[in-house]
Amino acid sequence: MSRYLKEKGAVLVYVMVLMVCGSIITMTVFMRNLHQYKFSLIDRKVKTASYYANNAITDMMRQFSQEQYSDHYSAAAVDRSAASFNNGFAEVEIAPDDSDHTLYIEATGMYGSDVNDPDFTKRLTVMIKFISDFTAFGSYIDGDFETS
C-alpha cells in the first residue's frame with residue numbers, strides 16, 4: 001500500500017508541473033496575441049492618417065484636371081479648409097510660385113477625434129509643376145512649330 005501512496009503523490013507532482021507549464025505557455029500565447037492586436041490597431045491608424053493626407057492631394061489633382069485653364073495660383077484656388085472624416089482630419093497648406101508655375105503642397109492627415117491632439121499624424125509633401133500643352137508636346141523643326 002505504501003507504493004500506491006507514493007505513486008499517488010507522484011501523479012500530483014506531475015499534474016502540478018503540467019499545470020504550471022500549461023499556464024506559462026497559455027499566458028505567453030495570450031500576451032503575444034495581445035501585442036499583435038495592439039500593433040495591428042496602430043498600423044491601421046497610421047495607414048488611415050496616410051490615406052487622409054493622400055486623399056487631400058488627390059482631391060486637388062482632380063480639381064486641377066477639371067479646371068485646366070483656370071488660375072491655379074490665385075487665393076481662391078489655393079484656399080482650402082480642413083476636411084473632417086469619421087475618425088480624423090486632413091489639412092492642406094499650399095505655397096504657390098507663379099514665376100516657376102509650381103505649387104508646393106503639404107498635406108497632413110490626422111487620425112483621432114481631436115484635431116489639436118490627434119493620435120497619429122502623417123505628412124505628405126508634393127510639388128506640382130504646371131506645363132502648357134503647347135510647350136509639353138510641341139517642337140520646332142526647321143523653323144515650323146509642330147505638335148505631336
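Data block above holds the structure.
Think of each chain on its own: its residues are numbered from 1, step by step along the sequence as written. Only residues with pLDDT of at least 70 get local features here, since the model is predicted, and only at 80 or more are side-chain atom pairs given and counted; chain-wide, interface and lining totals rely on the full set of residues. Side-chain measures were taken over the full set of non-hydrogen atoms in the model, leaving aside hydrogen atoms and water.

Description of the overall build of the protein chain
What counts is decided by this rule: Only DSSP runs of H or I with at least four residues qualify as helices, and only runs of E with at least two residues qualify as strands; both kinds are numbered from the N terminus onward. Relative accessibility decides the category of a residue: with a 1.4 Å probe and only protein chains considered, values under 20% of the type maximum give buried, values over 50% give exposed, and everything between is partly exposed. Every residue pair with non-hydrogen atoms within 4.5 Å of one another is taken to be in contact. Shrake-Rupley sampling with a 1.4 Å probe provides the accessible areas, and residues are treated as covered by the protein chains on show and by no other component.
Helices and strands together make up the secondary structure of the protein chain, namely three helices and six strands. Going from the N terminus to the C terminus, the protein chain shows its helices and strands as α-α-β-β-β-β-α-β-β. The burial tally for the protein chain puts 20% of its 148 residues in the buried class. Contacts spanning at least 24 positions in sequence make up 48% of the contacts within the protein chain whose residues lie at least 6 apart. Here the protein chain displays about 11,300 Å² of accessible surface, and carbon together with sulfur accounts for 58% of that area.

Describing the sheet that holds strand β4 (residues 120-129)
Stated precisely, the cut-off is as follows: The pairing criterion is simple: DSSP has to find at least two bridges between the two strands.
The antiparallel open sheet is built from four strands, whose spatial order is β1-β2-β3-β4. Edge strands, defined here as strands with exactly one partner in the open sheet, are β1 (83-84) and β4. With ten bridges connecting them, strand β2 (residues 88-97) and strand β3 (residues 102-111) associate as antiparallel partners. Within the sheet, the bridge partner assigned to V92 lies in β3 and is A107.

Looking at the pattern of salt bridges
Put simply, the test is: The term salt bridge refers to a side-chain nitrogen of Lys or Arg lying within 4 Å of a carboxyl oxygen of Asp or Glu.
A full pass over the atoms with the stated rule returns three salt bridges. R62 is the salt-bridge partner of D59, the closest N and O atoms lying 3.4 Å from each other. A residue pair is termed a helical-turn pair when its members lie 3 or 4 positions apart in one helix, as D59 and R62 do in helix α1 (residues 2-66) at three residues.

Things to note about the side chain of T108
For clarity, the threshold we go by: Any N or O atom pair separated by 3.5 Å or less is treated as a polar contact, with the protein-specific requirement of one donor-capable and one acceptor-capable atom, and with residues adjacent in sequence counted only for side-chain atom pairs.
Summarising the element assignment, T108 is placed in strand β3. There is a polar contact of 3.4 Å between the side chain of T108 and the side chain of R123. In contact with T108, not counting residues within four places along its chain, are A53, F89, A90, E91, T121, K122 and R123.

Some words on the side chain of E106
Within the secondary structure, E106 is located in strand β3. In this structure the side chain of E106 is engaged in a polar contact, spanning 3.3 Å, whose partner is the side chain of R123. Apart from residues lying up to four places away in sequence, E106 is in contact with E91, V92, E93, R123, L124 and T125.

Description of a nonpolar patch on the surface
For clarity, the cut-off: The patches described consist of residues with a relative accessible area above 30% and no salt bridge, like charges being joined within 9 Å and nonpolar side chains (Val, Leu, Ile, Met, Phe, Trp, Tyr) within 5 Å.
The grouping of V11, L12, V15, M16 and M19 at the surface amounts to a nonpolar patch, some 480 Å² of accessible area in total. Following the sequence through the fold, V11 ends up in helix α1.

Regarding the pairing of β2
It is a general feature of regular strands that their side chains alternate between the two faces of the sheet. Relative to β2, β1 runs antiparallel, the two being bridged by two bridges. Within β2, the residue paired with A83 across the bridge is A90. The antiparallel pairing of β1 with β2 creates a hairpin that spans three residues between the two strands. Hairpin connection of β2 to β3: four residues between the antiparallel strands, including H101 at a positive phi of 60°.

Digging into the environment of S50
Within the element layout of this structure, S50 appears in helix α1. What makes S50 partly exposed here is its relative accessible area of 30%. The spatial distance from the C-alpha of S50 to the C-alpha of G109 is 5.8 Å, given a sequence separation of 59 residues.

Some thoughts on the pairing of β3
Most of β3 sits inside the fold, with nine of its ten residues counted as buried. Two elements, β3 and β4, share ten bridges in a ladder whose sense is antiparallel. When the sheet's bridge partners are listed, E106 is paired in β4 with T125.

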